[in-house]
Amino acid sequence: MSVERIPFGLMPDGRKVYKYIITNNNEYSVHILTLGATLNSFIAKDKNGENLDVLLGFDSVEDYLELSDYQGATVGPVANRIGGASFDIGAKHYELVANEKDVTCLHSGGEFSFALWNAVVVDSDAVEFGYTSPDGQGGFPGETSVKVIFSLKDDNKLTIKYEAVSDRDTFINLTNHAYFNLKGYGNGTILDHTMQINAEKYTPVDEMSIPYGRNDSVEGTPFDFRKPVMIGDRIDDDNEQLNFTGGFDHNFCVSGEIGELRPCAETFCAESGIKMNVYTTLPGVQFYAGNFLNGTAGKKGVPMEKRSGFCLETQYYPDTPNKPDFPQCFFKAGEKYESETVYGFHTAGGSDNAQ
Ligand code: BGC
């Protein structure tokens, strides 16, 4: 078990960016940048015992700042989309950065994802990242202090714990935007992975990817992942929801009790033998199949082609600030936001069951 810190580059204003590497006793490792508290690489073992990097990403600060589609980034203060880029708190109306088609606020305009975070090693297997968002940044009320603690233990589970507190009443919805490829980055698409999601319901969206505000049953739809399904078998089904989003890019309502760490999803790749189990305390998970990736060159110059990575972004549902019937992510001044998400890795043979 060890933590190493190495220089990664410089911000445009000259501040230093570092990479922290946590390595466990099975030689699995996670590489995390102080730029965006970003997961840069995760090295797992395939069924032949070879190292595979299962995360998409870039090799330089410049590429992250210029080319990123949020690869591995921490997202906040409010992840996913906010319709009309605005919300109300009491009698006050807040206008937010409208960074998608000048209409929608997506991932808060990237504030947390492209900021420089502080980092401190808190254990032989854990690093804590911290960032304070100024009041009014991106239109969001409150000076909000955030902590994200990454740890990697010998059970090959990457745990991410989030905490945040603001000095004003505000909305908080944090996630990580890792794109995984369990065949290894650069080894083709994720269409041959099987996906299982522990959800009876999902939140259908309009043409702008904003939820209507209702939870629909997955029964009889391409969104039924209660049993493992090969992603490629359904992603191009002629279905209005899939046509709106160009493939899976939807929030699922994770079954079980919100606040409890419970199974969320399980993804398996037969070629590598790697299985990933996701657990979360949060109400939902965005399964995004990398439909908008378009060949941008990432680590070692390898292109990130359409659907060459998938995201399981644990979260409050999209547009929660404008959807009173969704589980709420409103926090009073001084009230603490807390959540936990775990990504557990196994290689053929070992298993947790997401059901
Ligand atoms: C969204 C996608 C978007 C991607 C990159 C995901 O969370 O669901 O629609 O393309 O983030 O911004």
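Refer to the structure printed above.
Residues numbered from 1 in each chain as written. Predicted model: local features only at pLDDT ≥ 70, side-chain atom pairs only at ≥ 80, totals over all residues. Heavy atoms only, no water.

Time to look at the state of the cysteines. One pass over the full model with this rule turns up zero disulfides. With no disulfide of its own, Cys 253 lies closest to Cys 264 among cysteine sulfurs, the gap being 11 Å. By relative accessible area, Cys 253 is classed as buried at 8%. The thiol of Cys 311 is unpaired, and the distance to the nearest cysteine sulfur, on Cys 264, comes to 13 Å. (Disulfide = S-S within 2.5 Å. Buried < 20%, exposed > 50% of the residue type's maximum accessible area, 1.4 Å probe, protein only.)

Let's shift gears to the packing of aromatic side chains. Applying the stated criterion to the full structure yields 30 aromatic pairs. Between Phe 180 and Tyr 343 the ring centres are 5.2 Å apart and the planes differ by 45°, which places this aromatic pair in the tilted class. In this pair, Phe 180 sits in the loop between strand E16 (175-176) and strand E17 (194-197) while Tyr 343 sits in strand E29 (residues 337-347), placing the two residues 163 residues apart along the sequence. For Tyr 343, a relative accessible area of 1% translates into the label buried. (Phe/Tyr/Trp six-rings, centres within 6.5 Å; stacked < 30°, edge-to-face > 60°. Helix = DSSP H or I, 4+ residues; strand = E, 2+ residues; numbered from the N terminus.)

Here we come to the site of the ligand. Taken together, Tyr 70, Arg 81, Leu 106, His 107, His 177, Tyr 179, Asp 249, Gln 286, Tyr 288, Phe 292 and Glu 313 form the complete shell of residues around the ligand. At a separation of 2.9 Å, an oxygen atom of the ligand approaches a polar side-chain atom of His 107. One nitrogen or oxygen atom from the side chain of Gln 286 is found 3.2 Å from an oxygen atom belonging to the ligand. Among the cavities detected, the one that contains the ligand is the largest pocket. (Near = heavy atom within 4 Å. Polar contact = N/O pair within 3.5 Å; in protein donor to acceptor, adjacent residues only side chain to side chain. 1 Å grid on protein atoms, 1.4 Å probe; cavity = no way out; pocket = protein on both sides within 12 Å on 5 of 7 lines; lining within 4 Å. Sits in = over half its atoms within 2 Å of the grid points.)

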